[in-house]
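Now for the letters of each chain:
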Amino acid sequence: MSIEPNSDKSSESSYSSKSREAYFNDPSFRKKLSKQRLWMQRLYATFMGILGIGIITGLGIMIYLSQTLPSLEQLENPKPELATTVYSADGKLLSKYFLKNRTSVPLDSISPTVVKALIATEDVEFYDHWGFNTRRFILAMIENVITMRKHWHGASTITQQLARNLYLSLDRTVTRKIRELLTAIQIERRYTKDEILWLYLNTVYFGNGAWGIEAAAWTYFDKPAINLTAEESALMIALLKSPRDYDPIKNPKNAKSRRNLILRLMAKANFISPDEAKAFSEKEITLQFTSVTDIGDAPYFTEYIRRKLKAESEKYGFDIYKDGLTIYTTLDTRMQAYAEKAVSEHLPWVQEQFDDDWRWPWELKRAIIRESARFKKLRKEGVTEKEALKTLKSDKDWLEKLLYEKSRVEVGFVAIEPSTGHIKAWVGGKDFKPEDYKYQFDHVWQAKRQPGSTFKPFVYTAAIDEGIPTNYQLLNQPLVIKTKDRVWTPENSDKASGGMTTLRDAIKKSLNQVTIRLVNESITPSKIIEYARRMGIKSPLDENFSIALGTSVVTPLELCSAYGTFANNGVHVEPISIIRIEDKFGQPIVEYKPEQNKALDPSSNYVMVSMLKGVINGGTGLASRTRYKFHEEAGGKTGTTQNNKDAWFAGFTPQLAAVCWTGFDDERIAYTSMKYGQGARASLPIWAKYMKYCYDDPVLKLKSRYFQKPSSVRGVPISKSSNLPAAAGDQDSYVEYFTRKGWLNYQNSIGEFKQFNRLDTLSGRRRPSALNIGPRKPKRGEGQF
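Calculation criteria
Residues numbered from 1 in each chain as written. Predicted model: local features only at pLDDT ≥ 70, side-chain atom pairs only at ≥ 80, totals over all residues. Heavy atoms only, no water. Helix = DSSP H or I, 4+ residues; strand = E, 2+ residues; numbered from the N terminus. Contact = heavy atoms within 4.5 Å. Core = buried A, V, L, I, M, F, W, Y, C linked by side-chain atoms within 4.5 Å. Buried < 20%, exposed > 50% of the residue type's maximum accessible area, 1.4 Å probe, protein only. Pairing = 2+ DSSP bridges. Axes fitted to C-alpha atoms, helices over the stretch in contact; angles between N-to-C directions. Phe/Tyr/Trp six-rings, centres within 6.5 Å; stacked < 30°, edge-to-face > 60°. Lys NZ or Arg CZ within 6 Å of the ring centre and 35° of its normal. Polar contact = N/O pair within 3.5 Å; in protein donor to acceptor, adjacent residues only side chain to side chain. Salt bridge = Lys/Arg side-chain N within 4 Å of Asp/Glu carboxyl O. 1 Å grid on protein atoms, 1.4 Å probe; cavity = no way out; pocket = protein on both sides within 12 Å on 5 of 7 lines; lining within 4 Å. Points joined across faces, edges and corners; volume = space filled by probe spheres on them. Nonpolar A, V, L, I, M, F, W, Y, C, P; charged D, E, K, R; others polar. pLDDT = per-residue confidence, 0-100. Lys, Arg positive; Asp, Glu negative; His and termini not counted. Parallel < 35°, antiparallel > 145°, perpendicular 65-115°, else oblique. Left-handed = near helix turned anticlockwise from the far one by under 90°.

Caption draft 1: Here's a closer look at the overall build of the protein chain. Of regular secondary structure, the protein chain possesses 29 helices and 20 strands. Intrachain contacts of the protein chain at a sequence separation of at least 6 include 69% that bridge at least 24 residues.

Spelled out as structure tokens, the structure:
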């Protein structure tokens, strides 16, 4: 009997196969399996459907959001709001005009340590990604989930931050984040990495009103961004996280802590060594903080520039607050400083003299109270005039402040380079310091006041041009002028009179009576106006006799422009304040050239200059030589108006013309005495001090020069006693200057004088001892003795 050891297993296997086959063929099992397959198919279909819908929805959202992304033109031409910067002729920043204080500078004008600090802090893999850092994003999300932050930690790259700053809002939404990502990718496609850094650093906010790294460097350290040190750069980047929390002015401890963290991050990124980071961290924060404002140096001048730019913006289509213009002006900050110094040194003395002498008339005091806003408010509330006056008069502190402000001495000072018309210095009022200036009334170009005797040179210039010699003599006695409206008898300021007086002595001593006689006999008011217009006076002028004494109002700016004609050999050059306007790329928008015209014959001009030199060398302007020690070649004229309301001095050298006015905004208030309130005491010192400061400064290179005498001008020694050509060795003589026409008229007068003497000798009558040139009889209707 044979044994088959595997027979049992084989039978079992056969049974199992049969059993499984029977199981699978069982109708109930097949039914169950069919249901499972159907469920899986449905689940797969559902998943694929959801996935498809998600993809379609995602694509729809992406398409929708892409339509709201910045356009190609916007990406290629970003337009952040840039401040307009105003520079002086010597390259100093004067002011800015802005809604946001932002100044754009190229990347090579930014300290490399700023770039390193930014990359080490905000995006250490900046040069390795395409606008979105996937690894950093995932790690940040994991960290946010683990720590359960209320405000999740972001993972935006520098490019994403730039996209948000330039084109998007700061809303914390998913859609904004997606738009930020898409915009960042587009920016990376359009710009190089360095261009992205340049855009970023010129657009971010650093606190305290400073937008962009250049504005921030000037605000916190008073230096350009290129000069920032490593620790200063770290502080700048520290501000980006929170300008308020890390403000080095208000929160110095927080600022230092954040700065030191950034220094350690720079060391970790191998931008600086650990030892350097430690050394920089130990340094205290040292600031040169400058509060952000559009008021800088020479605030009256820069406000004048702003107004001119507003007018030009319509013509050239720019926005001075957003377009990042660069304005190059004519003002010299060194000359400006000397003007402010001269004003600040002398004006307090004038104010002190006035305060000691001034007493408020009750009628004027009451009128000023009535004009106040507080009085008008009380009256509007139903309070009677009597009660309102009583109430306000009893409030002594309020009244004292009101009267104090009304009685402040004001000033207007301007200096111009005559050959170019360039305005070099401008002080529009007593409050010229940036911290005091509040867009106030400007006494250089807005204040129109009577110029007094500073207007007389226009009268004498017309006379010289007509051929009247400067030694022409007129009677220094009152003259009654009859007009349709009144009878007028002008007097000299000192009420004194005299005999026959030459025109040269009349202007040197500022004699009103001789000036009026000259107008009455030879120079009509219309002729005076004609010469004033040719020399730069644009204000309306009244055509009457009193114009000769400066009764028509003008501004210091136009008077200075006119006096510049004397300094420029008779050529008038219109004042210029702006040299050039450039756009944000440095391309010129407009350049300004001086407008000039030949206003006076050079011969007549030189003779007039010689007369105005006499004013300074021995007349009402003598104090500039004796008291203030200004000894350069110069001419000028004092001016004091009726009742001492206005005090003027207008003067010039071959290189500078300057005018100073002092007085009060309220014309009912006036200087109380000629001892301090005349032009020679209230205004001349400011002019003389300014000129001396400028000429004593070797940096300005204002070398001594002389007015050039044309060959057509004849210089002749004249005897003071006889008014005839002086004999050789005559000690009592001076050199008189004549135009050709003036010399001929003088010679004719000499001939008539000699003929008259011969006739007198034959008749036995006594001969006159001196030559009197004129006067002729007055014109019909002009006046009478």
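Caption draft 2: Summary view of the nonpolar core. Judged by nonpolar contacts, the single largest core of 135 residues is most densely connected at Trp 426, Tyr 460 and Tyr 690. Counting residues per element, this core draws most heavily on helix H28 (residues 684-696), at nine residues. With sequence-adjacent residues up to four places away left out, Trp 426 is seen in contact with Tyr 300, Phe 301, Tyr 304, Leu 331, Gln 336, Phe 413, Val 414, Asp 442, Val 444, Trp 445 and Leu 557. In this structure, Val 115, Ile 187, Tyr 200 and Leu 228 belong to the second largest nonpolar core, which totals 46 residues.

Caption draft 3: Seen up close, the sheet that holds strand S2 (residues 93-97). Here we have five strands laid out as an open sheet, ordered S2-S1-S5-S13-S14, and mixed in their pairing. Edge strands, defined here as strands with exactly one partner in the open sheet, are S2 and strand S14 (588-591). Each neighbouring strand pair of the sheet contributes to a mean axis angle of 20 degrees, computed without reference to strand direction. Here strand S1 (residues 84-87) runs beside S2; their pairing, made up of four bridges, is antiparallel. Bridged to Val 86 within S2 is Ser 95.

Caption draft 4: Just the packing of aromatic side chains, in detail. Scanning the model with the defined rule gives 26 aromatic pairs in all. Aromatic pair Phe 413 and Tyr 690: ring centres 4.9 Å apart, planes at 65 degrees, arrangement edge-to-face. Here Phe 413 is found in strand S6 (residues 410-417), whereas its partner Tyr 690 is found in helix H28, with 277 residues between them in sequence. With centroids separated by 5.2 Å and ring planes inclined at 65 degrees, the aromatic side chains of Phe 738 and Trp 743 adopt a geometry described as edge-to-face. Take Phe 738: its relative accessible area is 1%, and that puts it in the buried class. Put simply, the rings of Phe 354, Trp 358, Trp 360, Phe 664, Tyr 671 and Tyr 676 touch in pairs and so form one group of aromatic residues. Stacked on the ring of Tyr 404, the Lys or Arg Arg 408 has its end atom at 3.7 Å from the ring centre. Positioned above the aromatic ring of Tyr 531 is the side chain of Arg 534, whose terminal nitrogen or guanidinium carbon lies 4.3 Å from the ring centre.

Caption draft 5: Highlighting the environment of Lys 223. Its place among the elements puts Lys 223 in the loop between helix H9 (213-221) and helix H10 (230-241). For the pair Lys 223 and Gln 288, spaced 65 residues apart in the sequence, the C-alpha separation amounts to 8.7 Å. Separated by 3.2 Å, the side chains of Lys 223 and Glu 232 make a polar contact.

Caption draft 6: Representation of the pattern of salt bridges within the structure. Taken as a whole and judged by the stated rule, the model has 30 salt bridges. Taking the shortest distance from any N to any O, the salt bridge between Asp 666 and Lys 406 comes out at 3.6 Å. One end of the pair, Asp 666, is in the loop between strand S18 (657-663) and helix H26 (674-677); the other, Lys 406, is in helix H18 (residues 396-406), with 260 residues separating them in the sequence. Judged by its relative accessible area of 10%, Asp 666 is buried. Note that Arg 580 is salt-bridged to Glu 582, the shortest N-O span being 2.8 Å. Taking relative accessible area as the criterion, Glu 582 reaches 11% and is therefore assigned buried. Put simply, Glu 371, Lys 406, Asp 666 and Arg 668 are held in one network by salt bridges that share partners.

Caption draft 7: Here's a closer look at unusual backbone geometry. Phi at Lys 629 takes a positive value of approximately 60 degrees, unusual for a residue other than glycine. Along the chain, Lys 629 turns up in the loop between helix H25 (623-626) and strand S16 (635-640).

Caption draft 8: Representation of the environment of Ser 104 in the model. For Ser 104, the position within the fold is in the loop between strand S3 (101-102) and helix H4 (112-122). For Ser 104, a relative accessible area of 30% gives the class partly exposed. Residues Ser 104 and Ala 83 lie 21 residues apart in sequence; the distance between their C-alpha atoms is 8.5 Å. Non-local contacts of Ser 104, meaning those with residues more than four positions away in its chain, are made with Leu 82, Trp 198 and Asn 202.

Caption draft 9: A look at the layout of surface pockets. Taken as a whole, the second largest pocket encloses approximately 1,000 Å³ of empty space. If you trace the second largest pocket, you find 38 residues lining it, with Ser 493, Asn 512, Thr 640, Thr 641 and Gln 642 closest to the centre. Put simply, the parts of the chain that give the lining of the second largest pocket at least two residues each are S16 and helix H27 (679-682). Classifying every residue of the lining of the second largest pocket gives six nonpolar, 21 polar and eleven charged.

Caption draft 10: Main features of the sheet that holds S16. Strand order across the open sheet formed by five strands is S7-S6-S18-S17-S16, with antiparallel pairing between neighbours. Looking at which strands have only one partner, the edges of the open sheet turn out to be strand S7 (422-427) and S16. Here the average twist between neighbouring strands, direction ignored, is 10 degrees. Relative to S18, S6 is paired through seven bridges, and the arrangement is antiparallel. Among the inter-strand pairings, Gly 412 is bridged to a residue of S18, identified as Trp 661.

Caption draft 11: Highlighting the confidence of the model for the protein chain. Of the residues in the protein chain, 83% have a pLDDT of 70 or more, and the chain-wide mean is 86. Per-residue pLDDT stays below 50 along residues 774-785; that stretch engages in 32 contacts with residues further than four places along the chain or on separate chains.

Caption draft 12: Highlighting H4. Most of H4 is tucked away: nine of the eleven residues are buried. For H4, the complete set of buried residues consists of Thr 113, Val 114, Val 115, Ala 117, Leu 118, Ile 119, Ala 120, Thr 121 and Glu 122.

Caption draft 13: Layout of the pairing of S14. Of the pairings in the sheet, the one linking strand S13 (residues 578-582) to S14 comprises three bridges and is antiparallel in character. Among the inter-strand pairings, Ile 581 is bridged to a residue of S14, identified as Val 590. Connecting the antiparallel pair S13 and S14 is a turn made up of five residues, with Gly 586 showing a positive phi of about 85 degrees.

Caption draft 14: Region of interest: the side chain of Lys 637. Structurally, the position occupied by Lys 637 is in strand S16. It is Asp 494 that comes nearest to the buried, bridge-free Lys 637 among opposite-charge side chains, at 12 Å. Here the side chain of Lys 637 touches Ser 510 through a polar contact of 2.9 Å, side chain to side chain. There is a polar contact of 3.5 Å between the side chain of Lys 637 and the side chain of Thr 638.

Caption draft 15: Summary view of the packing of H10 against helix H11 (residues 252-268). Packing of H10 against H11 brings their axes to within 8 Å, and their N-to-C directions diverge by 110 degrees. By the angle between their directions, the pair H10 and H11 is classed as roughly perpendicular. Between H10 and H11 the crossing geometry is right-handed. Between H10 and H11, the residues in contact are Ala 230, Glu 231, Ala 234, Leu 235, Ile 237, Ala 238 and Lys 241 and Ala 255, Arg 258, Arg 259, Ile 262 and Leu 263, respectively. Of the residues in the contact of H10 with H11, the class split is eight nonpolar, no polar and four charged.

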